[in-house]
Amino acid sequence: MSEKSFQLWPDMASSFALDVDLLYGFLIVVTIFFSILISVMVIGFSLYYRRGRKVNRKLGHHSNFTEVIWAAGPFVLVMIMFVWGAMLFYKMQTPPENTLDIEVVGKQWMWKIQHATGRQEINALHLPLGQPIRLRMISEDVIHSFYIPAFRVKQDVLPAFFTQLWFEPTRIGTYHLFCAEYCGNEHSKMIGTVTVMAPEEYARWVEEGVQEKPVDAGERLFTQFQCNTCHQSDNSGNGPALAGLFGKKRPLKGGGLVEANDQYFRDSILNPHKQILAGYDAMMPTFQGQLTESDSLAIIAYLKSLPQLPIPENSVSMQDLNP
Amino acid sequence: MSSHAAIHSPHLRHQFDDLQQQRESAALGMWSFLVTEVMFFAGLFGAYTLYRYWYYPEWDAASRQLDHYLGAFNTFVLLTSSLTMAFAVDAAASGNNRALKRNILLTLILGLAFVGIKIYEYYTKWEHGLVPGSHFHWHAGPGIPDIENVRAAELFFVFYFTMTGIHAFHMLIGFGLLITLYIQAHLNKFSAEYYTPVEMIGLYWHLVDILWVFLFPLLYLIDRNFVS
Amino acid sequence: MKKNYLTNGQTVASWLLTGDHKRIAMLYLVSVTLFFLVGGVAALMFRLELLTPKGDMFIPEQYNRLFTLHGVMMVFFFLIPAVPAVLGNFLIPIMIGARDLAFPKLNLASWYIYVIAGICAIIALIQGGVDTGWTFYTPYSSTYSNTAVTAAVLAAFIAGFSSILTALNFIVTVHTMRAPGLTWFRLPLFVWAHYATSLIIILGTPVLAITLLLLGLERVCGVGIFDPRLGGDPILFQHLFWFYSHPAVYIMVLPAMGVISEMVACAAQKKVFGYEFVAFSSLAIAVLGFLVWGHHMFVTGQSMYAGFVFSFISMLVAIPSAIKVFNWTATIYKGSIVWNTVTMYVLGFLGLFTIGGLTGLFLATIAVDVHLHDTYFVVAHFHYIMVGGSVMGYLGGIHFWWPKMTGRMFPEFFGKLSALLVFVGFNLTFFPQFVLGYLGMPRRYHAYPDEFQMLNVLSTAGATVLGLGYALPLFYLIWSLKYGKKASNNPWHAYGLEWETSSPPPTFNFDVMPVVTRPAYDYDTEAAEQLAKVEDKAIDAIRREHEETAL
């Protein structure tokens, strides 16, 4: 990480930075205005009307109108802040369709980053310039928070629940990555470097040093842990066929519907009896302790990669199909 | 304007101007305290609501593990104790010390019966391995389905023991208050002119009762609703 | 010599078994000061560590315990009790013309409960301390931390009862024991402020109590209320925690605002501008304060729409505070201001609280909070309110009512000096932290990147000046108990029932119970202008005369 010199303003390196800074600037202007106004008035009056000075102290009667004005004025200002902030926040919470997805697993006290090609990094995040990025994040233990000041983004990283964060890097360089939720002894060491590179450079970088693509790791784990004994592709096993299941809605045992998304897949591996599909029994063992969050992410990647296979007529889930 | 006798009443504390002010203060104080009790349980009810919504099938099944006949009987016992407590307050207001003492005793006995039944219920839960912790063990039974998410059922029992346990703790405090009240009544401390402690403890007892009126359906009767 | 509340009974038992609200206030004064010192020393220690980017003074385990100790001490053992339990206890009965609070024994019990809670906290400290931060977030605090979490939450739990009992006493006293003629709108705004605070305490503190109880239960029994591996939700803890802890910040600041109302009227010899507006704004803050807790959780993954609602209401809750600041400013306008220690605390409060409140808007603005959450910007914001607001209000009030409580004047020069030191030291400590926060420096960091060092050095330098500013009153106030000029009934020419009784007051506050016929803050500014000079000379002469004739 290059030695940074003293700065008064953080780097602006994402498409949000200018938007956030403009709003921040507005807030600063309002703050400076009112701070100076009150300070000047308060000190000014205290001097001008100090005891012994012969000045006009005659008062009119109390005007409720003044009260209304100095309540309404601030009200308008804070509503501007609210609306402006809400609109920007909406943008920050709505990733576009074409994001490059990267997985983040936080654990005491490091960040494990997994690119789709299989390249992994610890406490570092390499990104291509000008490409919207979506991070899908989860914690192995306590609550952490993924914070890149230069991008003006932050999102808590929770145990057992996925959270996501999106942004578009707009400037090549290296930037700080911090954990921003106190997580124990080495909280201040759970930091890293975000490196934004030209797209071609990133494309080269992300293919290097790949030990195993997540999809392949997932397939390996799927076989290693004998998932295929119950999850047969022809639906003849104790569990449902998983190919093509991702993204579909299915009825649950005991009522209700579930969307088979990342969270559901992850819960099914690590906490299988939380939600069981209708027509199946509670037979799946939990893999908590045997598979890490990273392993589960790999398996999910593998399952998402499987194409939908034709299901035989007499299988149980036929009547449950609700695409 | 208060009477001469009231100003010199031995019951009048020095900070108050007259008995009326003293009575009003005691009542407002007790009601404010009861508000804090309601808010205390509100946090529990809030957490309960979340988990019941998340884990409805498991909580439905877990609720069936409780003996709702015993729970209903206990509700009846506690409601009756509130009745005897109301009689006690009424007796005090009419200056009837014997009735006052009798009703305090009845309230106490009914309250003890309630807690006794609760202890028995806790014991049966322990026997059936339904106390949360390393020994928690789910088992199906007549009318009680097998469930998969055992942790969710365990969470129900965390709430069952916490909510009824804190409630029972408040009843224990109530017993202390009732015993003190009985002793004071025995020493003829109360009259039609001054029976504020009886009233205040009555209010407290009614709160403990009302709390149970909510706890009973929420914990024992999850499976008994129009939908299922 | 006539007995006052201090001389009426000089045994230890007469103090430790007292029912006198003024003595209980003094008991609180001593204990609150002790805890403030513990919390303050902890802060100085970790600010020393932060002089250098590396963690070279403490190991992380120690550093994390230090900032937790600072937070727990300051929030639960200083800021929440200080103004209500010291100044509120002392003044409310006198201000409403009563002999004592409604429940003197409960008041004493409240102090004992507070002391027991403090002992619990010391026990936690001796057991090695706690490293979760004062916010005790799960699952770190419930499952992972190896520190004395249970003892610490027990301490906070017990302290909550002390707070509740004080609030209960205040609510009942203000409702039922006002002197004849003292209608609600003739009450001092100090009383309104404490009434609103007491409402918050009654409604909010029990929720913290149950939250901490559940946390303790999870730690001791290993049950999964907040543990996701056992089906629990760690974010549920945050909702329950902040449901109390946000209103708690209004518990911490409203009483100090009450103090400011009293002091500004006296400093300007003029009634508070917009009395009803200031009174109702306290109630508005109390109500709205319960509806904004989610603004601490914008980045937890909670629903975006929930975020919008919390952001909106957080904006609304700023308005009543703005109304107060404008009304106080308007009070000074066309007043007759004397520049003394009390005035300096008022001016300091007005400037610093304004900045603190405005910077809260940055955090309420949801898109900006994404960047600022859990950074030093938040730390700066809440210290501007808590220290620049609450502590200024508390210290100012201690000085303002010192003559009334002790019968002695403090040395003006040192009073003004420490006010100045506190103001300068405070700004030097915390203003750089706004910049640090926007640069991205997270909270609770033991070590940090090199480029943040200069701002951290400024901050630590400020902290030492601030510490000096706090240490000074300790010395000259204690000095004044023996050597300070004897105080008259009303050394500041203030308006209020407390100034009509002696300094210090007799045990039952008044020789003759008052009947109120005048409105609140019935100052006559023009007359004050004329009389002030004449009066001072006359009173000095009378006092000198008395001192010569009395024993």
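Residues numbered from 1 in each chain as written. Chains lettered and ligands numbered in written order. Predicted model: local features only at pLDDT ≥ 70, side-chain atom pairs only at ≥ 80, totals over all residues. Heavy atoms only, no water.

A count of helices and strands for chain C gives 17 helices and zero strands. Computed over the C-alpha atoms, the radius of gyration of chain C is 23 Å, within 12% of the 24 Å expected from 2.2 N^0.38 for a compact globule of 551 residues. If one aligns the C-alpha atoms of chain C with their principal axes, the spans along those axes are about 75 × 45 × 45 Å. Every one of the 551 residues in chain C was classed for burial, and the buried ones make up 70%. Relative to all contacts within chain C whose residues are 6 or more apart in sequence, the contacts with residues 24 or more apart total 82%. Positive and negative side-chain charges of chain C, numbering 30 and 29 respectively, have mean locations separated by a distance of 7 Å. (Helix = DSSP H or I, 4+ residues; strand = E, 2+ residues; numbered from the N terminus. Rg over C-alpha atoms; globule rule 2.2 N^0.38 Å. Buried < 20%, exposed > 50% of the residue type's maximum accessible area, 1.4 Å probe, protein only. Contact = heavy atoms within 4.5 Å. Lys, Arg positive; Asp, Glu negative; His and termini not counted. Charge placed at Lys NZ, Arg CZ, Asp CG, Glu CD.)

Our next topic: the overall build of chain A. Secondary structure assignment for chain A yields seven helices and 12 strands. Its C-alpha atoms give chain A principal-axis dimensions of roughly 100 × 50 × 35 Å. Here the analysis covers contacts within chain A between residues at least 6 apart in sequence; of these, 65% occur between residues at least 24 apart. For chain A, the computed accessible surface area is about 14900 Å², with 59% contributed by carbon and sulfur atoms. (Areas by Shrake-Rupley, 256 points an atom, 1.4 Å probe, with all protein chains shown as cover.)

Another point: the side chain of Ser141 of chain C. Residue and element names in this part refer to chain C. Looking at the element boundaries, Ser141 is found in helix H6 (residues 140–144). Look at Ser141 and you get buried, because its relative accessible area is 0%. At a separation of 2.7 Å, a polar atom in the side chain of Ser141 contacts the main-chain carbonyl oxygen of Phe136. Apart from the residues within four sequence positions on either side, Ser141 is in contact with Thr132, Phe136, Val149, Leu215 and Arg219. (Polar contact = N/O pair within 3.5 Å; in protein donor to acceptor, adjacent residues only side chain to side chain.)

Taken together, the contact pairs 84 residues of chain A with 94 residues of chain C. The contact between chain A and chain C buries some 7700 Å² in all, and 69% of this surface belongs to carbon and sulfur atoms. Between Arg57 of chain A and Glu529 of chain C there is a salt bridge; the shortest N-O distance is 3.4 Å. At the surface where chain A touches chain C, the tally comes to 22 residue pairs in polar contact (both at pLDDT 80 or more). Contributing elements (two or more residues each) for the side of chain A that touches chain C: helix H1 (17–48), helix H2 (64–93), strand E7 (153–157) and strand E9 (173–179) of chain A. Among the elements that make up the side of chain A that touches chain C, the one with the highest residue count is H2 of chain A (17 residues). Partitioning the side of chain A that touches chain C into residue classes produces 47 nonpolar, 20 polar and 17 charged. (Buried area = accessible area lost by both parts, 1.4 Å probe. Salt bridge = Lys/Arg side-chain N within 4 Å of Asp/Glu carboxyl O. Nonpolar A, V, L, I, M, F, W, Y, C, P; charged D, E, K, R; others polar.)

Residues and elements named next belong to chain A. The mixed open sheet is built from five strands, whose spatial order is E4-E10-E9-E6-E7. If you trace the sheet from one side to the other, it starts and ends with strand E4 (124–128) and E7, each paired once. Strand after strand, the sheet turns through a mean of 20° between neighbouring axes, direction not considered. Bridge analysis of strand E6 (residues 144–148) against E9 gives two bridges, and the strand direction is antiparallel. Among the inter-strand pairings, Tyr147 is bridged to a residue of E9, identified as Phe178. Packing of helix H3 (residues 199–207) onto the sheet brings it into contact with E4 and strand E10 (192–197), and relative to E4 it is tilted by some 130°. (Pairing = 2+ DSSP bridges. Axes fitted to C-alpha atoms, helices over the stretch in contact; angles between N-to-C directions.)

All right, on to the interface of chain A and chain B then. With seven residues of chain A at the contact, the number on the chain B side is five residues. Counting the contacts that link chain A with chain B gives zero salt bridges. Connecting chain A to chain B are zero residue pairs in polar contact (both at pLDDT 80 or more). Looking at side-chain class alone, the side of chain A that touches chain B contains three nonpolar, two polar and two charged residues.

On to the sheet that holds strand E8 (residues 163–167) of chain A. Residues and elements named next belong to chain A. Strand order in the open sheet made by the five strands is E3-E2-E1-E5-E8, with mixed pairing throughout. Since the sheet does not close on itself, it has two edges, and those belong to strand E3 (120–122) and E8, each with one partner. Across the sheet, the mean angle separating the axes of adjacent strands is 25° when strand polarity is ignored. When strand E1 (residues 100–107) meets strand E5 (residues 133–139), the two strands line up parallel, connected through seven bridges. Note on E5: the bridge partner recorded for Gly106 is Ser139.

To continue, consider the nonpolar core. Side chains of nonpolar character tend, in soluble globular proteins, to be buried together. Formed by 345 residues in total, the largest nonpolar core has its most connected members in Phe146 and Phe151 of chain A together with Phe77 of chain C. Among the elements that line this core, the one with the most residues is helix H9 (residues 234–268) of chain C, at 22 residues. Non-local contacts of Phe77 of chain C, meaning those with residues more than four positions away in its chain, are made with Val32, Phe35, Val72, Tyr114, Ala117, Gly118, Ala121, Ala155 and Ala159 of chain C. Ile138, Leu242, Leu252 and Leu297 of chain A belong to the second largest nonpolar core, which has 27 residues in total. (Core = buried A, V, L, I, M, F, W, Y, C linked by side-chain atoms within 4.5 Å.)

Moving on to the side chain of Asp233 of chain C. Of note, Asp233 of chain C is situated in the loop between helix H8 (189–221) and H9. Among the residues examined, Asp233 of chain C registers a relative accessible area of 10% and is labelled buried. Residues contacting Asp233 of chain C, with those up to four places away along its chain left out, are Phe161 of chain A, Leu50, Tyr51 and Trp54 of chain B together with Ile225 and Phe226 of chain C.

Moving on, we come to the layout of surface pockets. Size it by volume and the second largest pocket reaches roughly 1600 Å³. Taken together, the elements giving at least two residues each to the lining of the second largest pocket come down to helix H2 (19–54), helix H6 (150–186) and helix H7 (196–220) of chain B together with helix H5 (104–126), helix H7 (149–176) and H8 of chain C. By residue number, the principal contributor to the lining of the second largest pocket is H6 of chain B, which donates 13 residues. For the lining of the second largest pocket, a count of residues per class yields 36 nonpolar, 11 polar and three charged. (1 Å grid on protein atoms, 1.4 Å probe; cavity = no way out; pocket = protein on both sides within 12 Å on 5 of 7 lines; lining within 4 Å. Points joined across faces, edges and corners; volume = space filled by probe spheres on them.)

Residue and element names in this part refer to chain A. Looking at chain A, the domain boundaries give domain 1 (9–43 + 68–211) and domain 2 (214–305). Taken over C-alpha atoms, the centre of domain 1 sits 32 Å from the centre of domain 2. Tallying the contact residues gives 15 residues for domain 1 and 12 residues for domain 2. Of the roughly 1000 Å² buried at the junction of domain 1 and domain 2 (both faces included), carbon and sulfur atoms supply 59%. Along the contact surface separating domain 1 from domain 2 lie one salt bridge. We note a salt bridge from Arg136 to Asp262, for which the minimum N-O separation is 3.3 Å. Put simply, domain 1 and domain 2 have three residue pairs in polar contact (both at pLDDT 80 or more) between them. Going through the elements one at a time, E1, strand E2 (110–114) and E5 are the ones with two or more residues in the side of domain 1 that touches domain 2. (Domains from an automatic or database assignment.)

Residues and elements named next belong to chain A. The sheet contact formed by E1 and E2 spans five bridges and is antiparallel. Paired with Val104 across the bridge in E2 is Ile113. With antiparallel pairing between neighbouring strands as the criterion, E1 and E2 make up a hairpin whose turn holds two residues. Across three bridges, the pairing between E2 and E3 is antiparallel. Following the sheet pairing, Ile113 is matched in E3 by Glu121. Between E2 and the antiparallel strand that follows it, E3, lie five residues; Gly118 among them carries a positive phi value of about 115°.

The next subject is the pattern of salt bridges. If you walk through the whole model with that rule in mind, you get 20 salt bridges over all chains. A salt bridge links Arg136 of chain A to Glu103 of chain A; the nearest nitrogen and oxygen atoms lie 2.8 Å apart. With Arg136 of chain A in strand E5 and Glu103 of chain A in strand E1, this pair connects stretches of sequence that are 33 residues apart. Glu103 of chain A carries the same exposure label as Arg136 of chain A, and that label is buried. Asp227 of chain C is the salt-bridge partner of Arg229 of chain C, the closest N and O atoms lying 3.4 Å from each other.

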